[in-house]
Amino acid sequence: MSDNNRLGVFKTYKLYVGGKFPRSESGRVYEVTTKTSAAGTAGKGQWLANAPQSSRKDARDAVVAARKAFGGWSGATAYNRGQVLYRVAEMLEGRKEQFVREVAASEGLSKSKAAAAVDAAIDRWVWYAGWTDKIGQIAGGANPVAGPFFNLSTPEPTGVVAVLAPQKSSLLGLVSVIAPVIATGNTAVVIASADAPLPALSLGEVLATSDVPGGVVNILSGVTAEIAAPLAAHQDVNAIDLTGADAELAKELEIAAADNLKRVLRPQPVDTDGASDSEDWLVSPGTHRLTAFLETKTVWHPTGALGAAGSSY
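Residues numbered from 1 in each chain as written. Predicted model: local features only at pLDDT ≥ 70, side-chain atom pairs only at ≥ 80, totals over all residues. Heavy atoms only, no water.

Peer 1: How would you sum up the nonpolar core? Please name residues and give values.
Peer 2: Soluble, globular proteins show a tendency: their nonpolar side chains are buried together. Of all hydrophobic cores here, the largest spans 61 residues; its most connected members are W125, V190 and L207. By residue number, the principal contributor to this core is helix α4 (residues 111-131), which donates 10 residues. Setting aside chain neighbours within four positions, we find V190 in contact with V163, A165, L174, I178, V217, N218, I219 and L220. V17, A232, A245 and A257 belong to the second largest nonpolar core, which has 25 residues in total. (Core = buried A, V, L, I, M, F, W, Y, C linked by side-chain atoms within 4.5 Å. Buried < 20%, exposed > 50% of the residue type's maximum accessible area, 1.4 Å probe, protein only. Helix = DSSP H or I, 4+ residues; strand = E, 2+ residues; numbered from the N terminus. Contact = heavy atoms within 4.5 Å.)

So, in structure tokens, the structure goes:
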């Protein structure tokens, strides 16, 4: 049979929750189209796919999965987490061509600029993989105290973190907000860019074929405000990253997050379009996102005397 008569197989994009790929429980989908220009101006481009439109129930299910995975992931050694993050980079490298196509279509970029963004996203995984067993020395250490005590401060993960991914940077920005959260032992519920969710949903496939345990990262797509509201108010969510929220939504979510004293990361400044994702994702990210969702535990331990001379330790 001639290949000219073959029907192509369209990809069905699904959510990534608890290591599985469910459709939205609501059954809703929405059209994802190409950007009409590199500047991302308004306008409807070519149809790319139907993405699942997540509901409040999907958000709650993702929190349950993230909480279930937290104990094992936070209890793993920092070195092991670094190995896992490096494995994600390996798998993403092998699917680079697919992501270049998706990023180019999603963001209205040329192939060369999309390739640069994908390369930077892969490098970003490697960069954070190297920090997993080093951030403890930066954020913790021994404290000088008066008295016969050791006083040690050590960083520990906060817990379940809701992450509003950047609206404009569909892969590099996405990786830049996910990787530091899980590198430090937290688990994440991620809301992908509303207009460009396809690279995020494909990233779920990479995570599933890496060594990332199911539930450590959960990826939802749909209307950002609709999904973010129940996450900000959820009593089992410990922190929220408002990178992908505009100024009005960020204020509403901050108020909701105060109910159970969530940690809130609200990047500044807010850009002219009202969204706080004007950050240049190509620059070195520094360590501020690594420390944003860490708690500090301080332990006091008495010193003792050794031998007749009274030497202390």
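Picking up after the structure, the text goes on.
Peer 1: Describe the sheet that holds strand β8 (residues 239-241), listing the residues and the values that go with them.
Peer 2: Here we have five strands laid out as an open sheet, ordered β7-β6-β5-β8-β9, and parallel in their pairing. At either margin of the open sheet sits one strand with a lone partner, and together these are β7 (217-220) and β9 (263-265). Recorded for the sheet is a direction-independent mean angle of 15° between the axes of neighbouring strands. Two strands pair when backbone bridges link them, and strand β5 (residues 160-164) and strand β6 (residues 187-191) are joined in this way by five bridges, in the parallel orientation. Opposite V161, over in β6, you have A188 as the bridge partner. (Pairing = 2+ DSSP bridges. Axes fitted to C-alpha atoms, helices over the stretch in contact; angles between N-to-C directions.)

Peer 1: Give a detailed account of the packing of α4 against helix α6 (residues 172-183), specifying residues and quantitative values.
Peer 2: Between two packed helices, the angle of one axis relative to the other and the distance separating the axes together describe the packing. Where α4 contacts α6, the two axes come as close as 9 Å, and the packing angle between them is 10°. As far as their axial angle goes, α6 and α4 are roughly parallel. Contacts from A117, A120, A121, R124, W125 and Y128 of α4 reach α6 at L172, V175, S176, I178, A179, P180, I182 and A183. For the contact of α4 with α6, the class distribution of residues is 12 nonpolar, one polar and one charged. (Parallel < 35°, antiparallel > 145°, perpendicular 65-115°, else oblique. Nonpolar A, V, L, I, M, F, W, Y, C, P; charged D, E, K, R; others polar.)

Peer 1: Explain the pattern of salt bridges to me, and be specific about the residues and the numbers.
Peer 2: Inspection of every chain in the model, using the stated rule, returns 15 salt bridges. Here K11 and E102 are joined by a salt bridge, their closest N and O atoms 4.0 Å apart. In this pair, K11 sits in the segment before β1 (29-33) while E102 sits in helix α3 (residues 96-107), placing the two residues 91 residues apart along the sequence. By relative accessible area, which is 34% here, K11 ends up partly exposed. (Salt bridge = Lys/Arg side-chain N within 4 Å of Asp/Glu carboxyl O.)

Peer 1: Just give me the short version of the sheet that holds strand β3 (residues 141-142), but keep the residues and values in it.
Peer 2: The antiparallel open sheet is built from three strands, whose spatial order is β3-β4-β10. Every other strand in the sheet has two partners, leaving β3 and β10 (294-302) as the edge strands with one partner each. Pairing analysis gives two bridges linking β3 to strand β4 (residues 149-157), with the strands arranged antiparallel. In the strand pairing of β4, A142 is matched with L152.

Peer 1: Go over the pairing of β4 with me, naming the residues and quoting the values.
Peer 2: From the end of β3 to the start of β4, which pair antiparallel, there are six residues, and G147 there has a positive phi angle of about 130°. Bridge count between β4 and β10: nine bridges; the pairing is antiparallel. Bridging from a neighbouring strand, L152 pairs with V299 of β10.

Peer 1: Can you lay out the packing of aromatic side chains for me, pointing to particular residues and giving the numbers?
Peer 2: Inspection of the entire model under this criterion finds four aromatic pairs. Relative to F21, the ring of Y16 lies with its centre 5.1 Å away and its plane at 35°, an arrangement referred to as tilted. Residue F21 is classed as partly exposed on the basis of its relative accessible area, which comes to 33%. Members of the aromatic cluster, each reached through a chain of ring pairs, are W127, Y128 and W131. Lying over the aromatic face of F70, R67 brings its terminal NZ or CZ to 5.6 Å of the ring centre. (Phe/Tyr/Trp six-rings, centres within 6.5 Å; stacked < 30°, edge-to-face > 60°. Lys NZ or Arg CZ within 6 Å of the ring centre and 35° of its normal.)

Peer 1: Can you lay out helix α2 (residues 78-94) for me, pointing to particular residues and giving the numbers?
Peer 2: For α2, which comprises 17 residues, the first-to-last C-alpha distance of 25 Å matches the rise-based estimate of 24 Å (1.5 Å per residue) to within 8%. On the buried face of α2, the contacting elements are α1 (56-75), α3, α4, α6 and α7 (198-208). (Expected span 1.5 Å × (residues − 1).)

Peer 1: I'd love a proper account of unusual backbone geometry, names of residues and values included.
Peer 2: Generally, phi is negative for residues other than glycine and the peptide bonds are trans, each holding for most cases. At L261, a position not held by glycine, the phi torsion is positive, near 60°. Relative to the elements of secondary structure, L261 occurs in the loop between α9 (247-257) and β9. L261 sits in the exposed class, given a relative accessible area of 76%.

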